[in-house]
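Listed below, chain by chain, are the residues.
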Amino acid sequence: MDWYSFFSWIENSALGVWMRESPSLWAFPFILILHTIGMAFLVGPNIAIDLRILGVAPRVPASLMERFFVVMKLGFVINVVSGLMLLVAYPTKALTNPLFYIKLLLIAIALTQTMWIRKNVLSADSFPFKGKVVAAASLVIWAAAVGAGRFLAYTYKYLLAGELL
Amino acid sequence: MNPTAFELWLKSTWLADLMHTAWAWPTAESLHFFGLCLLMGTVGVFDLRLIGLAKQIPLPALHRLIPFGIGGFIINILTGISFFTAEPDQYLYNPSFHTKMLFMTLAGINVLLFYTTMFKKVQNCGPGDQAPMPARIMGAASLVFWIGVISGGRLLTFFRPPIISCPWCWFS
């Protein structure tokens, strides 16, 4: 199967058509809102944890910040689901844009850093220099991931599969 | 000054010109979303602790994160003003923008209420202490209002004027 057939197959799926063509605010607009709220709850507490490791709010016991992982996990699940739905609506738009893959890569790096921080800094309640470097990098990578997501709306080349022909 | 003259003046400023260059708008959008994350990551986390999550964290200690939330808010005011200056009619006559401003006002009133009535009491909330009920309600209200602000912002592009359900438009 070529790319055109693959993309147009996804675009013409029931979910894809509903997401794109339904005039309801509960279709595309609501899923977009969810994607932003999920981001706020995933990236937000992550920033708080990074700031704590970098020395802000020193009286907050780092090990207790693990409690916010519930919220971050919820944000992550919301964003995987809402992100997949946005992808089904416009597969050509996302998958033909190199920036989309960069965004996914940045998220993968950021999540790996977060899990490393959880294991080696928060649980241990110790702040080695290496932990501070990872926390600072985490802030930068998350900011880049968020920025990459925003730039997707301005950098795509093809909106729908038909444009590939 | 009537709304149209105001819009024309805004659009004639250097900031409007800057915003219409290729990179400015998406860059400002990226900053706007990172500011949102800063705000929700500090104020939102503080709200969650007020409500009762991670109760072992002393509230005054967690409050030290708030200046970064204010920083995020300032980033968003500045980038927000930039969007508004470049395309005033896209916001002035957009019911989604009005809703966003309404939620921001509610969030602001909630902040004032919290700092005038509850902040001192909350300063005594050490490890394991539950915040007083009014403070817990204000924490929950804060989350709801900021989510309202985010939703209003995200819906802007789906309510682009001209649209009839816009109270401002009746006077212009």
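These numbers come from a predicted model, not from an experiment.

Student: Would you mind showing me how to read the packing of helix 7 (residues 129-155) of chain A against helix 3 (residues 24-51) of chain B here?
Tutor: Between two packed helices, what matters for the description is the angle formed by their axes and the separation of those axes. Two numbers describe how helix 7 of chain A lies on helix 3 of chain B: the axes approach to 8 Å, and their chain directions differ by 135°. The angle between the axes of helix 7 of chain A and helix 3 of chain B places the two elements in the oblique class. Note on packing geometry: the crossing formed by helix 7 of chain A with helix 3 of chain B is right-handed. Here Leu 139, Ala 143, Val 146, Gly 147, Arg 150, Phe 151 and Tyr 154 of chain A of helix 7 of chain A lie close against helix 3 of chain B, whose contacting residues are Trp 25, Pro 26, Thr 27, Glu 29, Ser 30, Phe 33, Phe 34 and Cys 37 of chain B.

Student: Could you clarify how one ought to interpret the packing of aromatic side chains in this entry?
Tutor: The description of an aromatic ring pair rests on the distance of the ring centres and on the angle between the ring planes. Tallying each qualifying case throughout the model produces 19 aromatic pairs over all chains. When the ring of Phe 6 of chain B is compared with that of Trp 9 of chain B, the centres are 6.5 Å apart and the planes differ by 25°; the resulting orientation is stacked. Here Phe 6 of chain B pairs with Trp 9 of chain B, and both are found in helix 1 (residues 3-11), just three residues apart, close to one helical turn. Taking the relative accessible area as the measure of exposure, Trp 9 of chain B reaches 48% and is therefore partly exposed. Among the aromatic residues, those joined into a ring-pair cluster are Trp 3, Phe 6, Phe 7 and Trp 9 of chain A. Above the plane of the ring of Tyr 90 of chain A lies Lys 93 of chain A, whose end atom (NZ or CZ) is 5.4 Å from the centre.

Student: Explain the layout of surface pockets here, please?
Tutor: Over the atoms, a rolling probe the size of a water molecule traces out where space has been left empty. Residue and element names in this part refer to chain B. Approximately 330 Å³ is the volume attributed to the second largest pocket. Forming the walls of the second largest pocket are 17 residues, and the residues nearest its centre are Val 43, Ile 66, Val 111, Tyr 115 and Trp 146. Of all elements in the fold, only helix 3, helix 5 (66-86), helix 7 (95-122) and helix 8 (133-155) reach the threshold of two or more residues within the lining of the second largest pocket. With five residues, the single largest contributor to the lining of the second largest pocket is helix 3.

Student: In this structure, what is going on with the interface of chain A and chain B? I would like to understand it.
Tutor: Often, the extent of an interface is quoted as the loss of accessible area on bringing the components together. Each side of the interface is counted separately: chain A has 33 residues, and chain B has 33 residues. It is Phe 68, Arg 150 and Phe 151 of chain A in chain A that bury the most area against chain B; as a group they hold 18% of the surface buried on that side. We note a salt bridge from Arg 150 of chain A to Glu 29 of chain B, for which the minimum N-O separation is 3.7 Å. Viewed at the interface, chain B and chain A are joined by one residue pair in polar contact (both at pLDDT 80 or more). Among the secondary structure elements, those contributing two or more residues to the side of chain A that touches chain B are helix 3 (28-53) and helix 7 of chain A. Per-element accounting of the side of chain A that touches chain B gives the leading share, 15 residues, to helix 3 of chain A.

Student: For this particular structure, what's the right way to read the environment of Asn 110 of chain B?
Tutor: All names here are of chain B. Counting through the fold element by element, Asn 110 comes out in helix 7. Asn 110 sits in the buried class, given a relative accessible area of 9%. For Asn 110 and Ile 137, which are 27 residues apart along the polypeptide, the C-alpha to C-alpha distance reads 10.0 Å. In contact with Asn 110, not counting residues within four places along its chain, are Met 138, Ala 141, Ser 142 and Phe 145. A polar contact is formed between the side chain of Asn 110 and the backbone oxygen of Met 138, at a distance of 3.0 Å.

Student: It is not clear to me how unusual backbone geometry should be interpreted in this structure. Could you clarify?
Tutor: Even without being a glycine, Ala 57 of chain A presents a positive backbone phi close to 50°. Within the secondary structure layout, Ala 57 of chain A lies in the loop between helix 3 and helix 4 (69-89). With a relative accessible area of 3%, Ala 57 of chain A lands in the buried category. Backbone geometry places Ala 54 of chain B, a non-glycine residue, at a positive phi of 55°.

What counts and how
Residues numbered from 1 in each chain as written. Chains lettered and ligands numbered in written order. Predicted model: local features only at pLDDT ≥ 70, side-chain atom pairs only at ≥ 80, totals over all residues. Heavy atoms only, no water. Axes fitted to C-alpha atoms, helices over the stretch in contact; angles between N-to-C directions. Helix = DSSP H or I, 4+ residues; strand = E, 2+ residues; numbered from the N terminus. Parallel < 35°, antiparallel > 145°, perpendicular 65-115°, else oblique. Left-handed = near helix turned anticlockwise from the far one by under 90°. Contact = heavy atoms within 4.5 Å. Phe/Tyr/Trp six-rings, centres within 6.5 Å; stacked < 30°, edge-to-face > 60°. Buried < 20%, exposed > 50% of the residue type's maximum accessible area, 1.4 Å probe, protein only. Lys NZ or Arg CZ within 6 Å of the ring centre and 35° of its normal. 1 Å grid on protein atoms, 1.4 Å probe; cavity = no way out; pocket = protein on both sides within 12 Å on 5 of 7 lines; lining within 4 Å. Points joined across faces, edges and corners; volume = space filled by probe spheres on them. Buried area = accessible area lost by both parts, 1.4 Å probe. Salt bridge = Lys/Arg side-chain N within 4 Å of Asp/Glu carboxyl O. Polar contact = N/O pair within 3.5 Å; in protein donor to acceptor, adjacent residues only side chain to side chain.

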